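# Understanding the architecture of this molecule
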Amino acid sequence: GDSVTQMEGPVTLSEEAFLTINCTYTATGYPSLFWYVQYPGEGLQLLLKATKADDKGSNKGFEATYRKETTSFHLEKGSVQVSDSAVYFCVPGGTSYGKLTFGQGTILTVHP
Amino acid sequence: DTEVTQTPKHLVMGMTNKKSLKCEQHMGHRAMYWYKQKAKKPPELMFVYSYEKLSINESVPSRFSPECPNSSLLNLHLHALQPEDSALYLCASSQKGRRGNTGELFFGEGSRLTVL
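Residues numbered from 1 in each chain as written. Chains lettered and ligands numbered in written order. Predicted model: local features only at pLDDT ≥ 70, side-chain atom pairs only at ≥ 80, totals over all residues. Heavy atoms only, no water.

## Topic: the overall build of chain B
Stated precisely, the cut-off is as follows: Secondary structure counts use DSSP, requiring at least four H or I residues in a row for a helix and at least two E residues in a row for a strand, with both numbered from the N terminus. The cut-offs for exposure are 20% and 50% of the maximum accessible area for each residue type, with area from a 1.4 Å probe on protein chains only; residues under the lower value are buried, those over the upper are exposed, and the others partly exposed. Two residues form a contact once any of their heavy atoms are found within 4.5 Å.
Looking only at helices and strands, chain B has 0 helices and 11 strands in total. Order of helices (α) and strands (β) in chain B, N terminus to C terminus: β-β-β-β-β-β-β-β-β-β-β. In terms of principal-axis extent, the alpha carbons of chain B reach across some 45 × 25 × 25 Å. Expressed as a percentage of its 116 residues, the buried residues of chain B come to 47%. For chain B, the share of sequence-separated contacts (at least 6 apart) that also reach a separation of at least 24 residues comes to 55%.

## A look at the confidence of the model for chain A
Applicable threshold: Scored from 0 to 100, pLDDT records how confident the predictor is in each individual residue.
Summing up the model confidence of chain A, the mean pLDDT is 91 and the portion of residues at 70 or higher is 95%. When pLDDT is averaged over each helix and strand of chain A, the minimum, 90, is found for strand β1 (residues 3–6) of chain A and the maximum, 98, for strand β9 (residues 75–77) of chain A.

## Regarding the sheet that holds strand β8 (residues 73–79) of chain B
For sheets, the rule is that strands pair by backbone hydrogen bonds, running either parallel or antiparallel. Residues and elements named next belong to chain B. To keep things clear, this is the line we draw: Paired strands, as defined in this entry, are two strands with at least two bridges between them according to DSSP. In this analysis an axis means a line fitted to C-alpha atoms, helices contributing only their contacting stretch, and an angle means the value between N-to-C directions, from 0 to 180 degrees.
Here we have 4 strands laid out as an open sheet, ordered β1-β3-β8-β7, and antiparallel in their pairing. Bordering the open sheet on either side are β1 (4–7) and β7 (64–70), each of which pairs with just one other strand. Each adjacent strand pair in this sheet contributes to an overall mean axis angle of 20°, direction not counted. Relative to β8, strand β3 (residues 18–25) runs antiparallel, the two being bridged by 7 bridges. Looking at the pairing, Lys19 lines up with Leu78 of β8.

If you want it as structure tokens, here you go:
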């Protein structure tokens, strides 16, 4: 079955630092890939996605590139802000309703 | 309108109570989901409804009873819960593609349930 290995946290950074959260996956075929973010006290929301190999998803300064050869979808941001403090989940999409394989989540804390 | 709305946001109930969680979306999505999320863990799928029919039940105990009255509404009826059922319950919806769900879910903010 599908599986996701996500960089363990928690990750603590100072404001304006560079962020990388690693994600590798195993899946049948070549699914769409997603990063979801969960801010404190809120539900999950889609941060960015990539639907095919070499696609780069981007949003709010975050980027991730779909690397088929390494089955990876690492999340990066050049300069983090305090407001980026949240839990980040790497998720390969699938073809079965709702049967998504969530990564274990990476807690990011950004200090001023 | 791109929201999934869940009520109540917080619920405290005793083990003998009967309560319901409600979820509503007006995006025309035909698949709706209930997830359970414990603190610092990823969400766990409970139920999936597709075109108002239950399509997936992930072996959830019968004290949780889902209901989909129409394509916009999803309920989760709770009865005789245990303290370990305390969690954040998330509702989500998605478009139905020809090959099923590709992973883009729209989540509500969740209902935080505490069972005493």
